[in-house]
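Spelled out, the chains give:
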Amino acid sequence: AAYRCAVETPPRQPGSDLIKIVAFIAAILLLGAATAPWLFLLGKSGASSFQEGGFLHRVMSESPFSRYFGRSMQLWALVLIWPLIKSLRMRRAEIGLLPNPHRFAHLGIGFAVAAGTLLLMGWGFVQAGWFTLRPDPEWGRAAQKAAGPAIGAGVIEELLFRGAIFALALRSLRGAVAAQLFVALFFAAVHFLTPPDGVEPVEGDVGWATGFWMLGQIFKGFGDANFLLAEFTTLFAVGLTLGIARQRTASLWLPIGLHAGWIFGLKSFAAVTKGSKALRAGDHLPWAGENLKIGLIPLGIVALTGVAVALVLKGRSDRDLPKSERTV
């Protein structure tokens with residue numbers, strides 16, 4: 001009820017806004033695929049310009065093509081998201097975001113809770129023998145490599161999904177619940193558009209079409225029913241939890257913290273561990289899979305986080321704003 005004042009459902013608009021969202025995602029995929037090989041070649045050749053053994057030299061020289069591919073996508077998302085938001089011509093009342101006096105606390109707590117619970121679960125998997133630590137794991141380097149994707153995904157994706165797309169869903173659907181379900185489903189579907197683990201081109205064969213080859217490998221995953229079922233439910237629960245955090249705080253700070261924390265935990269754990277043969281063969285399904293996104297246990301951890309967010313946080317309304325800034 002408290003949230004209702006901040007996001008009164010606007011009148012329905014033509015579907016042109018949703019077409020803009022689809023075009024935005026298509027542009028990211030095409031432009032990202034087209035520029036990824038050039039970023040890769042530039043990074044490899046430019047690594048020698050930095051001190052050997054230094055952070056930038058290691059990142060540029062040792063990163064696989066899939067990492068450059070992901071950075072290319074993030075770069076185009078960052079370039080295109082502001083023109084998208086401007087083109088949607090949404091008023092503040094339609095977006096439903098309020099100034100958050102607890103923004104840094106929400107950001108930090110969200111990150112700590114998401115990363116902490118995920119890594120604690122991963123530690124439990126290691127103790128159970130489902131994962132093993134790599135020889136001489138480099139903890140600091142793993143954290144450094146995970147930080148970039150965590151920050152990039154947390155900021156860009158929350159601006160897009162819990163910012164622009166959620167506001168658009170409110171325009172077209174009846175009420176916040178329907179909007180939450182739609183955005184969570186959309187979020188889960190889009191997150192299948194990532195390179196499969198372990199799929200890499202031969203470094204010497206990277207050319208202008210390699211990015212589009214990677215796109216083809218990504219879309220192959222949509223034909224694997226087991227792959228879809230294994231990860232989709234967890235991603236859907238992640239989307240719902242982030243949506244609840246956005247709704248309860250009427251801001252994006254907590255969703256950004258949670259999102260960044262989950263990415264950080266996922267990436268850093270993957271960098272210092274490897275799955276057992278039984279895990280890779282699927283012997284531990286449905287409880288756990290090849291990464292910390294797959295299985296009923298990760299689903300349960302995310303679901304509990306969502307329940308905690310819903311129970312602990314009270315909704316905010318624009319009564320928290322000065323009278324001159326209230327929407328109703």
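Residues numbered from 1 in each chain as written. Predicted model: local features only at pLDDT ≥ 70, side-chain atom pairs only at ≥ 80, totals over all residues. Heavy atoms only, no water.

Let's talk about the pattern of salt bridges
Definition in use: Each salt bridge in this description consists of a side-chain nitrogen of Lys or Arg and a carboxyl oxygen of Asp or Glu lying within 4 Å of one another. Helix and strand assignments come from DSSP, with helices taken as H or I runs of at least 4 residues and strands as E runs of at least 2, each series counted from the N terminus. Only protein chains enter the accessibility calculation, which uses a 1.4 Å probe. A residue is then buried if its area is under 20% of the maximum for its type, exposed if over 50%, and partly exposed in between.
The tally for this structure, following the rule as stated, stands at two salt bridges. A salt bridge links Glu-158 to Arg-162, with the shortest nitrogen-to-oxygen separation between them at 2.8 Å. One end of the pair is Glu-158 and the other is Arg-162, both in helix H6 (residues 139-172) and four residues apart, which spans about a single turn. By the burial criterion, Glu-158 is buried, and Arg-162 matches it.

Considerations on the environment of Ile-81
Within the secondary structure, Ile-81 sits in helix H3 (residues 65-88). Residue classification places Ile-81 among the buried positions, given a relative accessible area of 6%. A sequence separation of 79 residues divides Ile-81 from Leu-160, and the C-alpha atoms of the two residues are 7.3 Å apart.

Here we look at the nonpolar core
A general tendency of soluble globular proteins is for nonpolar side chains to be buried together. The line we're drawing: Here, nonpolar core refers to any group of buried Ala, Val, Leu, Ile, Met, Phe, Trp, Tyr and Cys residues whose side-chain atoms link them within 4.5 Å. For this analysis, residues touch if any pair of their heavy atoms sits within 4.5 Å.
Counting residues in each nonpolar core, the largest one holds 56 residues, and the members touching the most others are Phe-69, Leu-160, Leu-258, Trp-262 and Leu-292. Among the elements that line this core, the one with the most residues is H6, at nine residues. If near-sequence neighbours (up to four positions away) are discounted, Leu-258 is found in contact with Gly-110, Phe-111, Ala-114, Thr-241, Leu-242, Ala-245, Thr-305 and Val-309. With seven residues, the next largest nonpolar core counts Ala-146, Ala-153, Ile-263 and Phe-264 among its residues.

Concerning the layout of surface pockets
Note the threshold: Using a 1 Å grid laid over the protein atoms alone, points where a 1.4 Å probe fits but cannot get out form a cavity; open sets with protein on both sides within 12 Å along at least 5 of 7 lines form a pocket; any residue with an atom within 4 Å of a point counts as lining. Grid points are joined across faces, edges and corners, and a volume is the space filled by probe spheres set on the points. Each residue receives one of three labels: charged for Asp, Glu, Lys and Arg, nonpolar for Ala, Val, Leu, Ile, Met, Phe, Trp, Tyr, Cys and Pro, and polar for the others, Gly being one of them.
Within this model, the second largest pocket holds a volume of roughly 420 Å³. Contributing to the lining of the second largest pocket are 18 residues, with Val-59, Arg-67, Tyr-68, Arg-71 and Gln-74 lying nearest its centre. Sort the elements by how many residues they give to the lining of the second largest pocket and H3 lands first, with six residues. Residue composition of the lining of the second largest pocket, by class: 10 nonpolar, six polar and two charged.

Points about the environment of Ala-245
Along the chain, Ala-245 turns up in helix H9 (residues 225-249). We classify Ala-245 as buried; its relative accessible area is 0%. It is 5.7 Å that separates the C-alpha atoms of Ala-245 and Pro-255, two residues lying 10 residues apart in sequence. Non-local contacts of Ala-245, meaning those with residues more than four positions away in its chain, are made with Ser-251, Leu-254, Pro-255, Leu-258 and Val-309.

Things to note about a nonpolar patch on the surface
This is how the line gets drawn: Here a patch means residues that are over 30% exposed by relative accessible area and free of salt bridges, tied together within 9 Å if like-charged and within 5 Å if nonpolar (Val, Leu, Ile, Met, Phe, Trp, Tyr). The accessible surface values rely on the Shrake-Rupley method and a 1.4 Å probe; as for residues, cover is taken only from the protein chains in view.
The grouping of Leu-30, Trp-38, Leu-41, Trp-208 and Phe-212 at the surface amounts to a nonpolar patch, some 590 Å² of accessible area in total. The dominant element in the nonpolar patch, judged by the number of residues it contributes, is helix H1 (residues 16-46), at three residues. The topology assignment puts Trp-38 in helix H1.

Observations concerning the packing of aromatic side chains
Rules: The criterion for an aromatic pair is that two Phe, Tyr or Trp rings (for Trp, the six-membered ring) have centres within 6.5 Å, with stacked assigned to planes under 30 degrees apart, edge-to-face to planes over 60 apart and tilted to the rest. By definition here, charges over rings are those cases where NZ of Lys or CZ of Arg is within 6 Å of the ring centre and within 35 degrees of the ring normal.
With the rule as written, the count across this model stands at 11 aromatic pairs. Taking the centre distance of 5.4 Å and the plane angle of 85 degrees together, the rings of Phe-40 and Tyr-68 count as edge-to-face. Linking Phe-40 in helix H1 with Tyr-68 in helix H3, this pair joins segments that are 28 residues apart in sequence. Judged by its relative accessible area of 3%, Phe-40 falls in the buried class. Clustering of aromatic rings is evident, with ring pairs tying together Phe-40, Phe-65, Tyr-68 and Phe-69. It is Arg-162 that lies over the ring of Phe-187; its NZ or CZ is 4.6 Å from the centre.

Focus: the side chain of Ser-276
Heads up, the rule is: Side-chain atoms alone can form a polar contact between residues adjacent in sequence; in general such a contact is a pair of N or O atoms within 3.5 Å, and within protein one must be able to donate a hydrogen while the other accepts it.
Note on placement: Ser-276 falls in the loop between strand S2 (273-275) and helix H11 (277-280). Within the local environment of Ser-276, its side chain forms a polar contact with the backbone nitrogen of Leu-279, the two atoms lying 3.1 Å apart. With sequence-adjacent residues up to four places away left out, Ser-276 is seen in contact with Gly-129, Trp-130, Phe-131 and His-284.

Some remarks on the packing of H1 against helix H8 (residues 210-220)
Applied cut-off: To define axes, lines are fitted to C-alpha atoms, for helices over the stretch in contact only, and angles between the resulting N-to-C directions are given on a 0 to 180 degree scale. Here the angle decides the label: under 35 degrees means roughly parallel, over 145 means roughly antiparallel, 65 to 115 means roughly perpendicular, and every other value means oblique.
Here H1 crosses H8 at 130 degrees, and the two axes come no closer than 6 Å. Relative to H8, the element H1 is oriented oblique. On H8, the residues that touch Leu-29, Leu-30, Ala-33, Ala-34 and Pro-37 of H1 are Thr-210, Gly-211, Phe-212, Leu-215 and Phe-219. Split by residue class, the contact of H1 with H8 holds eight nonpolar, two polar and no charged.

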